[in-house]
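Secondary and tertiary structure notes
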Amino acid sequence: MCFSGSVRSVPPWARRVACLAAVVWIVGLGISTVYRAGPYSFGGKTWGSRVHRTDFTIYTAVGQAILDGKDIYEAENLRGWHYNNAPVFGLLFVPFAVMPLFWAVLIWYVLSVAMVIAAIVFCVRMVQQDSGTTGEPFWLYVIPPALLIWPLMSALARGQMTPLLFALVMAGLYCQWRGGDWLGGSFLAGAILMKIFPVLLVPYFVWRKRWRFVLATLLAVVLGAVVVPAAALGWNTNMKYLQEWGSILSRPSFEQQHTEDPRFGELISPDLVRNQSLQAVLKRITGSFSARWFAVVIGLAMVAAMIAVALRVRERSQLLMLSTVIVWALLMSPVSWSHYFMLLMLPVAAVTWMAILEQDVSTRRVAVITLVGFGVLALSSAGSRALQVYGPLCWGTMVLWGGLLLCARGSRGLWK
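Remember, predicted model here, so these are calculated numbers, not experimental data. (Residues numbered from 1 in each chain as written. Predicted model: local features only at pLDDT ≥ 70, side-chain atom pairs only at ≥ 80, totals over all residues. Heavy atoms only, no water.)

On to the overall build of the protein, then. Helix and strand content of the protein: 20 helices and two strands. Here the protein holds 416 residues, and 55% of them are scored as buried. Taking contacts inside the protein between residues at least 6 apart in sequence as the whole, the part at least 24 apart equals 70%. As displayed, the protein has an accessible area near 17900 Å², and 66% of this comes from carbon and sulfur atoms. (Helix = DSSP H or I, 4+ residues; strand = E, 2+ residues; numbered from the N terminus. Buried < 20%, exposed > 50% of the residue type's maximum accessible area, 1.4 Å probe, protein only. Contact = heavy atoms within 4.5 Å. Areas by Shrake-Rupley, 256 points an atom, 1.4 Å probe, with all protein chains shown as cover.)

The following block contains the structure:
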């Protein structure tokens, strides 16, 4: 990238205002999140929402099922929702199952905020390292989280596991960026076991011939899927859970047809407006399940475009190319809930840095237009469920992908 190498310093008052706004937002959202997970009983008195509105109790129910020796995929929370992740993550929530619900929700919220902050720091460091600049990172900490406020709020308020997914993916990429292939592969494997679709990042590292990182990821997936849970749950029990996980969850997600399984409505149905994957959005617009084949064609065309640009930039602009792969993975997954899009933090941070520091005027203009276009569409998705039907977050992500690709080409001076 062709950067000026420095950023104008930010006045102290701006830092204080940003920090104060972040603290107020975190505390306010935390109070709301804990309240929504109620009701709680304290000394005979009841506090909290009378309508249970959290996903977190799904995980505590799984932790309790492990303690009771019951099937984790049959466990339900008060809303009748089920656990849909790999068996190994159920072990994580055993300690939360023995806590009073109030403290369990509060501690998980604090941990989630910490994971989000850590992931943002990883993103900022990768962008600065790739650009070769050590200047003021203030705007990298402000603009990307502001544009992705809706995915962040959605995940934190629901008590979702997505902050952990975000932290695992970014920690994996950051460690690999710093040469820690084994540790980085372990982090990425955790993300793959949690939501499957991060496996779409692996072909990029095969393309880059990062064999040690790829091997570490594959080995860690095996350890996390088989060895660790088998040691805690028993071999036969874990094998049974893995079969359930595959048959109940994985197969229907590719079939994309209505089933009697309630999980279809919980996390697979493209008709749910929170699903902003390209396949789901096209299905809602066209009303046909065959729309997934249009999504496949578009996805293959995107791959061809990424390969064409990657061949031209070679070793340059690799962070931008990695960012396009992250965007592509989110769009191509059959299921991409709106809170998954916090993973766009790295791509948005990369474009933000180019909009601020890129010396080539045309490339900088592309970066600015990309940020504005993505921001308008991403933020509009929070305002109206009727609008979400048409996938503003999905199309904003497509704008981001196109802008990243153009910026990757422009960083070699091709836009001059």
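This part covers unusual backbone geometry. Across the junction of Gly38 and Pro39, the peptide omega takes the value 5 degrees, indicating a cis bond. Tracing the backbone through its elements, the reader meets Pro39 in the loop between α1 (12-36) and β1 (40-42). Phi is positive for Ile196, close to 70 degrees, though the residue is something other than glycine. By secondary structure assignment, the location of Ile196 is in the loop between α9 (181-195) and α10 (202-207).

Glancing now at the side chain of Asp181. In this fold, Asp181 is placed in helix α9. Classification of Asp181 by relative accessible area gives buried; the value is 11%. Not counting residues within four places of it along the chain, the set of residues in contact with Asp181 comprises Cys175, Gln176, Arg212, Phe213 and Ala216.

Moving on, we come to the pattern of salt bridges. The tally for this structure, following the rule as stated, stands at three salt bridges. With its nearest N and O atoms 2.8 Å apart, the salt bridge here joins Asp71 to Lys240. One end of the pair, Asp71, is in the loop between α2 (56-68) and α3 (87-92); the other, Lys240, is in helix α12 (residues 235-255), and 169 residues separate them in sequence. Each of the salt bridges in this network shares a partner with another, and the network as a whole consists of Asp71, Lys240 and Glu244. (Salt bridge = Lys/Arg side-chain N within 4 Å of Asp/Glu carboxyl O.)

Under the 1.5 Å per step criterion, the end-to-end length of helix α5 (residues 101-131) is 45 Å for 31 residues, consistent within 8% with the ideal 45 Å. Backbone geometry just downstream of α5 places Gly132 in the positive-phi region, at approximately 75 degrees. (Expected span 1.5 Å × (residues − 1).)

This part takes up the environment of Val34. Mapped onto the secondary structure, Val34 falls in helix α1. Exposure remark for Val34: the relative accessible area of 4% places this residue in the buried category. Between the C-alpha atom of Val34 and that of Trp108, which follows or precedes it by 74 residues, the distance is 9.9 Å. Once residues within four sequence positions are removed from consideration, Val34 is found in contact with Tyr40, Trp47, Phe102, Val105 and Leu106.

This part is about the packing of aromatic side chains. In the structure shown here, the tally under the stated rule is 20 aromatic pairs. A ring pair is formed by Phe56 and Phe93, whose centres lie 6.1 Å apart and whose planes are at 70 degrees; its orientation type is edge-to-face. Of this pair, Phe56 sits in helix α2 while Phe93 sits in the loop between α3 and α4 (94-97); the two residues are 37 residues apart in sequence, bridging distant segments of the chain. On the basis of an interplanar angle of 20 degrees and a centroid distance of 5.5 Å, the ring pair of Phe197 and Tyr340 is categorised as stacked. Taken as a pair, Phe197 in the loop between α9 and α10 and Tyr340 in the loop between α16 (318-332) and α17 (345-357) lie far apart in primary sequence, 143 residues in all. (Phe/Tyr/Trp six-rings, centres within 6.5 Å; stacked < 30°, edge-to-face > 60°.)

Close contact between α16 and α17 brings their axes to 9 Å; oriented N to C, the two are set at 140 degrees. Considering their axes alone, α16 and α17 lie oblique with respect to each other. Every pair of crossing elements has a handedness; the one defined by α16 and α17 is left-handed. Each of Leu319, Leu320, Ser323, Ile326 and Val327 in α16 lies in contact with α17, whose residues at this interface are Leu346, Pro347, Ala350 and Met354. Grouping the amino acids of the contact of α16 with α17 by side-chain chemistry returns eight nonpolar, one polar and no charged. (Axes fitted to C-alpha atoms, helices over the stretch in contact; angles between N-to-C directions. Parallel < 35°, antiparallel > 145°, perpendicular 65-115°, else oblique. Left-handed = near helix turned anticlockwise from the far one by under 90°. Nonpolar A, V, L, I, M, F, W, Y, C, P; charged D, E, K, R; others polar.)

Over its 16 residues, helix α8 (residues 162-177) extends 22 Å from the first C-alpha to the last, a length consistent with the 22 Å expected when each residue adds 1.5 Å. Here α8 lies mainly inside the structure; 16 of its 16 residues are buried. Backbone geometry just downstream of α8 places Gly179 in the positive-phi region, at approximately 95 degrees.

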